[in-house]
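Structural overview
So the chains spell out like this:
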Amino acid sequence: SRATHQESVKNVQALLHHHPSRRGLLTTVDHLKRLCIDRYFQDEIDTIMDSCADLIHSDDLLDATLSLRLMREAGYYVSAGQ
């Protein structure tokens, strides 16, 4: 029902605002995109992408590649040599 849908959206929004790790945030954004429901959370995703932009320079390969891919998908210009 519509009420259940709205409650689910609010629960995910709360998770996106209070997630304990930036890798976890990026992983959650990736899952939302794969489920094709990221449009419901675009404001939160934009904020997350801005706050995680520096992870492309991470020494952790997973953090760097995930942030690079998500930033490119979000329309940010990120060169491979950056």
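Scroll up a little and you will see the structure.
Residues numbered from 1 in each chain as written. Predicted model: local features only at pLDDT ≥ 70, side-chain atom pairs only at ≥ 80, totals over all residues. Heavy atoms only, no water.

**Overview of the pattern of salt bridges**
The following threshold applies: Salt bridges, as used here, are contacts in which a Lys or Arg side-chain nitrogen is within 4 Å of a carboxyl oxygen on Asp or Glu. Counting from the N terminus, the helices are the DSSP runs of H or I reaching at least four residues and the strands are the DSSP runs of E reaching at least two. In this scheme, a residue with accessible area under 20% of its type's maximum is buried, one over 50% is exposed, and one in between is partly exposed, where area comes from a 1.4 Å probe on protein chains only.
Per the counting criterion, the structure on display carries 7 salt bridges. A salt bridge links D60 to R23; its shortest N-O distance comes to 2.6 Å. Separated by 37 residues along the polypeptide, D60 in the loop between α3 (42-51) and α4 (61-73) and R23 in helix α2 (residues 22-34) bring together distant segments of the chain. Residue classification places D60 among the partly exposed residues on the basis of a relative accessible area of 30%.

**Overview of the packing of α2 against α3**
Just so we agree on the cut-off: To obtain each axis, a line is fitted to C-alpha atoms, and for helices this fit is confined to the stretch in contact; angles are then taken between N-to-C directions over 0 to 180 degrees. The labels follow the angle: roughly parallel below 35 degrees, roughly antiparallel above 145, roughly perpendicular from 65 to 115, and oblique for the rest. Two helices crossing with the near one rotated counterclockwise from the far one by less than a right angle form a left-handed crossing, whereas a clockwise rotation gives a right-handed crossing. Note on contacts: a residue pair qualifies if any of its non-hydrogen atoms lie within 4.5 Å across the two residues. Under the scheme applied, nonpolar residues are Ala, Val, Leu, Ile, Met, Phe, Trp, Tyr, Cys and Pro; charged residues are Asp, Glu, Lys and Arg; polar residues are all the others, including Gly.
Remark: α2 packs on α3, axes separated minimally by 10 Å, with the N-to-C direction vectors making an angle of 140°. Between α2 and α3, the angle is such that the two are oblique. Our pair here, α2 against α3, has a crossing hand that is left-handed. Within the contact between the two elements, α2 uses R22, L25, L26 and V29 and α3 uses I45, I48, M49 and S51. Residue composition of the contact of α2 with α3, grouped by class: 6 nonpolar, 1 polar and 1 charged.

**As for the packing of aromatic side chains**
The condition that has to hold: Aromatic rings from Phe, Tyr and Trp, taking only the six-membered ring of Trp, are treated as a pair when their centres fall within 6.5 Å; an angle between ring planes under 30 degrees marks them as stacked, one over 60 as edge-to-face, and anything in between as tilted.
Taken as a whole and judged by the stated rule, the model has 1 aromatic pair. Seen in terms of ring centroids, Y40 and F41 are 6.3 Å apart; in terms of plane orientation they differ by 70°. Their pairing is edge-to-face.

**Describing the packing of helix α1 (residues 2-18) against α2**
Contact geometry of α1 with α2 gives a least axis separation of 9 Å together with a crossing angle of 150°. As the angle between them shows, α1 and α2 are arranged roughly antiparallel. Viewed along their axes, α1 and α2 form a crossing whose handedness is left-handed. When α1 is examined against α2, the residues V12, L15 and L16 are found in contact with a partner set consisting of L25, T28 and L32.

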